[in-house]
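Structural overview for review
Residue strings, one per chain:
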Amino acid sequence: MQIQRSRERIAVDIPIVVTTVLDSLEGVIVDLSEGGAQVVGCTLPARSQCQIDLDGFIVFGTVRWSEEDRMGIRFPYELNEGPLYEKLEMARAAKRAPVAFQPRIQQQTGFGSAYVGGGGFGRRTG
């Protein structure tokens, strides 16, 4: 079953601290949108109220689902500022950036001066 989401999730790797009234847990956000995050490395019961701490900036949330080693947290207010939002925007920009051209490296074989893999477009060398 595919869930229709209003915001695109972006793959990230952001170490955070998740805090509740009784506990503080270290985890990593692995995907993020303005409306929520998937956190791995820690878990809380569904419907738990929590806060995510990143560099002293707090984002409040509610655990929507929970598994053995990960959980989904929904934010009551969409992200629009702060270090978590900045990391989301940087990851989104990196995803859209074009990949630089990577030329083939020509390797010289042991005898003579024949090259392997240098011609491109089916051209033979050697």
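Bear in mind that the values here come from a model prediction, so they are computed numbers and not experimental data.

**Some remarks on the overall build of the protein chain**
A tally of helices and strands in the protein chain yields one helix and eight strands. Looking at the protein chain as a whole, 29% of its 126 residues are labelled buried. Excluding contacts between residues fewer than 6 apart, the proportion of contacts in the protein chain whose partners are at least 24 apart in sequence is 44%. In the structure as shown, the protein chain presents an accessible area of about 9,300 Å², 52% of it carried by carbon and sulfur atoms.

**Comments concerning the sheet that holds strand 4 (residues 49-54)**
Strand pairs in the sheet, formed through backbone hydrogen bonds, run parallel or antiparallel to each other. Taken in spatial order, the six strands close into a barrel running 1-2-3-6-5-4, and their pairing is antiparallel. The mean inter-strand angle of the sheet, taken between neighbouring strand axes irrespective of direction, is 45°. Where strand 5 (residues 57-66) and strand 6 (residues 70-74) come together, four bridges link them in antiparallel fashion. Among the inter-strand pairings, valine 63 is bridged to a residue of strand 6, identified as isoleucine 73.

**As for the nonpolar core**
Within the largest apolar cluster, 23 residues are counted, with the highest numbers of intra-cluster contacts made by Ile29, Leu32, Phe75 and Leu84. Taken together, the elements giving at least two residues each to this core come down to strand 1 (10-19), strand 2 (24-33), strand 3 (36-40), strand 4, strand 5, strand 6 and helix 1 (82-96). Here this core gets five residues from one element, more than from any other, and that element is strand 1. Setting aside chain neighbours within four positions, we find leucine 84 in contact with Ile14, Ile29, Leu32, Leu54, Val59, Phe75 and Leu79.

**Quick notes on helix 1**
In a regular helix each residue adds 1.5 Å, so 15 residues correspond to 21 Å; helix 1 covers 21 Å between its end C-alpha atoms and thus fits that length. Those residues of helix 1 that fall on the buried side of the exposure criterion are Gly82, Pro83, Leu84, Leu88, Ala91 and Arg92. Against strand 1, strand 2, strand 4 and strand 5 lie the buried residues of helix 1.

**Remarks on the environment of glutamate 34**
With respect to the helices, strands and loops of the structure, glutamate 34 is situated in the loop between strand 2 and strand 3. The spatial distance from the C-alpha of glutamate 34 to the C-alpha of phenylalanine 75 is 7.9 Å, given a sequence separation of 41 residues. If near-sequence neighbours (up to four positions away) are discounted, glutamate 34 is found in contact with Arg7, Phe75, Tyr77, Glu78, Leu79, Tyr85, Leu88, Glu89 and Arg92. In this structure the side chain of glutamate 34 is engaged in a polar contact, spanning 2.9 Å, whose partner is the side chain of arginine 92.

**What to know about the pattern of salt bridges**
Once the charged atoms of two side chains with opposite charge are near each other, the side chains can pair. Counting across every chain of the model gives five salt bridges. Close ionic contact of arginine 92 with glutamate 34 constitutes a salt bridge, the shortest N to O distance being 2.9 Å. Within this pair, whereas arginine 92 is found in helix 1, its partner glutamate 34 is found in the loop between strand 2 and strand 3, the two being separated by 58 residues in sequence. Owing to a relative accessible area of 10%, arginine 92 belongs among the buried residues under this scheme. For glutamate 34, a relative accessible area of 6% corresponds to the buried category. The partner of glutamate 67 in a salt bridge is arginine 70, with the nearest N and O atoms 2.8 Å apart. Taken together, the shared-partner salt bridges in this structure form one network comprising Glu34, Glu89 and Arg92.

What counts and what doesn't
Residues numbered from 1 in each chain as written. Predicted model: local features only at pLDDT ≥ 70, side-chain atom pairs only at ≥ 80, totals over all residues. Heavy atoms only, no water. Helix = DSSP H or I, 4+ residues; strand = E, 2+ residues; numbered from the N terminus. Buried < 20%, exposed > 50% of the residue type's maximum accessible area, 1.4 Å probe, protein only. Contact = heavy atoms within 4.5 Å. Areas by Shrake-Rupley, 256 points an atom, 1.4 Å probe, with all protein chains shown as cover. Pairing = 2+ DSSP bridges. Axes fitted to C-alpha atoms, helices over the stretch in contact; angles between N-to-C directions. Core = buried A, V, L, I, M, F, W, Y, C linked by side-chain atoms within 4.5 Å. Expected span 1.5 Å × (residues − 1). Polar contact = N/O pair within 3.5 Å; in protein donor to acceptor, adjacent residues only side chain to side chain. Salt bridge = Lys/Arg side-chain N within 4 Å of Asp/Glu carboxyl O.

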